[in-house]
Amino acid sequence: MWNQHALARVWRHIVPATIPWKRHNKKFEFSVVSYNILSQLLLEHNRYLYRNVKSEHLQSDRFQLVIKELESYDPDIVCMQEFDHQIREKFTSHFAPKGFENIYQRKPHIPYQEKDDGCFMMYRKDKFKLLKNASLGLYKSTEGLLDKPNCAQIALFECKDGSQLCVANTHLLYNPRRGDIKLTQLSLILHHIQQVVNPLQQCGGVPVVFCGDFNTCPSAPLYNLMKYGKLQYSEYTPDKISGQKGSKKSHKVAPGLWNSREMGFHEHGLVERGENELLECRETYRSLTQGSSYLAQAYRDITCSKCSDLYPYKQGSISHNINFRSAYDHIDSDGRTKEVTTYIQNDARTVDYIWYSNHDNTPQNCAHGHSCDPYCSSSVLILKSRRRLLTKPELFNMGKLPNAILGSDHQALHAMFTLYSDPVPNSSGRN
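K.L.:
Please clarify how the environment of Glu-29 should be interpreted in this entry.
P.N.:
By the element assignment, Glu-29 lies in strand 2 (residues 24-36). Residues Glu-29 and Leu-419, spaced 390 residues apart in sequence, show a C-alpha to C-alpha distance of 6.2 Å. If sequence neighbours within four positions are ignored, Glu-29 has contacts with Asp-76, Lys-127, Lys-384, Phe-417 and Thr-418. At 3.0 Å, the side chain of Glu-29 and the side chain of Lys-384 are in polar contact.

Take a look at the structure:
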């Protein structure tokens, strides 16, 4: 059975749309796995979801299947969610001799909400050196939109070839009716990612790989915020934002989703730009002095090619400036069958993702102040291949999850990347 599973999860090779190696003379390859391994405590508290699963497949020794699966993939970075702190020693003692180091972010402790899991990241120490661990809890108070015990990891690495890479890992709230909370959680993480990579340092900034269980479906508004960098959230009810479930009783999310002072950033200021930096844009901007100076720094009515990935400030909307793409297409190679990442009872859907920052091939004004193409960046991240996901019919034939083959109710996502860095000087004399 395991051999059949391995044969089904073959590599799908990707033909890149760009050819950055023409201007980059360093190439660094690595693979990333994202895996929600199903917390044992959450399983015990939600046994009714697994009433059709054999009891022997619901015991804690199922983590041996997770370890076996990860070993077979031979990844360089592993991002896990629903990772119980009790099994950290088990995984550490097994993978440390194989050259892995790890960092762990446990979910914040909240009275009367028993949570024992968190996010766990492993990486090969011969390929990556941890420069910064900016992990965070997504809980601020018992009131407002950050009242749930979720968490995220944000790690900045120096790669073996000297380039840098940011890797993030999270597990957003499950509740299908509270898309407003998920949106707030995701926005806080994006804000911290942008603080770490600081895209104004160089063209394109530091490449980012963002893994996790986002509890949102493809093409849902929350998904589109990641993919397109902007969302008019006031057009949606909270239960529609993640695309998991609908409710006729919901009201649309009101503009001013959160208090900017409490959050530490404005909806349109996920990365703050000072007024001097805006003045360096060689295009005109309008209405910059109307209202507070803070709103002026948060892109009020700004129109310039440097900020082309943002749109003018509009109440009830949010934006970020990382050009994310999903490592998966969410459709199988036949062009018809949907990919799924989780299968609980009869509910099979995609909620897990590996996002990566990607340069398109549209000339643009970059942070260096000149019009350039995407190859100007000192680092370009290209998706090389991804491991195929099993479809719902295949998982149905295998048996309810977890089972004798897979130790979780989610599938592991696995992607291979190539990081091109150290650009070759070009004829224009740009540095």
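Once the structure has been displayed, the description carries forward.
K.L.:
Is there a simple way to think about the packing of helix 3 (residues 63-73) against helix 4 (residues 88-95) in this case?
P.N.:
The description of two packed helices rests on the angle between their axes and on the distance between the axes. Here helix 3 crosses helix 4 at 35 degrees, and the two axes come no closer than 12 Å. In terms of crossing hand, the pair formed by helix 3 and helix 4 is right-handed. Here helix 3 contributes Phe-63, Gln-64, Val-66, Ile-67, Leu-70 and Glu-71 to the contact with helix 4, which in turn contributes Lys-90, Phe-91, His-94 and Phe-95. A per-class count over the contact of helix 3 with helix 4 returns six nonpolar, two polar and two charged.

K.L.:
What is the right way to look at the nonpolar core in this model?
P.N.:
When a protein is soluble and globular, its nonpolar side chains tend to lie buried together. Within the largest apolar cluster, 35 residues are counted, with the highest numbers of intra-cluster contacts made by Ile-154, Cys-166, Leu-186, Ile-193 and Phe-210. When residues of this core are traced back to their parent elements, those giving at least two are strand 8 (151-159), strand 9 (164-171), helix 5 (179-197), strand 10 (208-213), helix 6 (221-228) and strand 16 (352-357). By residue number, the principal contributor to this core is helix 5, which donates eight residues. Apart from the residues within four sequence positions on either side, Ile-193 is in contact with Ile-154, Cys-166, Ala-168, Val-208, Phe-210 and Ile-322. By size, the runner-up hydrophobic cluster in this structure holds 27 residues, among which are Phe-157, Val-167, Val-209 and Leu-389.

K.L.:
Help me out: how do you make sense of the confidence of the model for the protein chain in this one?
P.N.:
Close inspection of predicted coordinates is inappropriate in any region flagged by low pLDDT. This prediction gives the protein chain a mean pLDDT of 79; 71% of its residues lie at or above 70. Scored below 50 in pLDDT, residues 271-313 shows 80 contacts in the model against residues more than four places distant or in partner chains. Predicted confidence for residues 360-375 stays below pLDDT 50, and this span has 45 contacts to residues more than four positions away or in other chains.

K.L.:
Which parts of the structure should I look at to understand the pairing of strand 4 (residues 100-106)?
P.N.:
For a regular strand, side-chain orientation follows a simple rule: the groups alternate between the two sheet faces. With respect to burial, strand 4 is a largely interior element, five of its seven residues being buried. In the sheet, strand 4 pairs with strand 5 (residues 117-124) via seven bridges, with the strands oriented antiparallel. Counterpart to Asn-102 in the pairing with strand 5 is Met-122.

K.L.:
Just checking my understanding: could you explain helix 5 for this structure?
P.N.:
Every α-helix winds through 3.6 residues per turn, so residues three or four apart in the chain are directed the same way. Helix length check: helix 5, at 19 residues, gives a terminal C-alpha distance of 27 Å against a target of 27 Å (1.5 Å per residue), a fit within 8%. With 17 of 19 residues buried, helix 5 is to be regarded as a mostly interior element.

K.L.:
Honestly, unusual backbone geometry in this entry has me stumped. Any pointers?
P.N.:
Negative phi characterises most residues that are not glycine, and trans characterises most peptide bonds. The linkage connecting Leu-401 with the following residue, Pro-402, adopts the cis geometry, with an omega of -10 degrees. You can see Pro-402 is positioned in the loop between helix 10 (392-398) and strand 20 (413-423).

K.L.:
Sorry if this is basic, but what is going on with the pairing of strand 10 here?
P.N.:
For strand 10, a buried count of six out of six residues is recorded, marking the element as mostly surrounded by other parts of the structure. Residues of strand 10 alternate between two faces, with Val-208, Phe-210 and Gly-212 on one and Val-209, Cys-211 and Asp-213 on the opposite face, all of them buried. As paired elements, strand 9 and strand 10 share six bridges and run parallel to each other. The residue bridging Asn-169 from the neighbouring strand is Cys-211, located in strand 10. Relative to strand 16, strand 10 runs antiparallel, the two sharing five bridges. Residue Val-209 lies in a different strand from strand 16, and its bridge partner there is Tyr-356.

Thresholds, definitions, all that
Residues numbered from 1 in each chain as written. Predicted model: local features only at pLDDT ≥ 70, side-chain atom pairs only at ≥ 80, totals over all residues. Heavy atoms only, no water. Helix = DSSP H or I, 4+ residues; strand = E, 2+ residues; numbered from the N terminus. Contact = heavy atoms within 4.5 Å. Polar contact = N/O pair within 3.5 Å; in protein donor to acceptor, adjacent residues only side chain to side chain. Axes fitted to C-alpha atoms, helices over the stretch in contact; angles between N-to-C directions. Left-handed = near helix turned anticlockwise from the far one by under 90°. Nonpolar A, V, L, I, M, F, W, Y, C, P; charged D, E, K, R; others polar. Core = buried A, V, L, I, M, F, W, Y, C linked by side-chain atoms within 4.5 Å. Buried < 20%, exposed > 50% of the residue type's maximum accessible area, 1.4 Å probe, protein only. pLDDT = per-residue confidence, 0-100. Pairing = 2+ DSSP bridges. Expected span 1.5 Å × (residues − 1).

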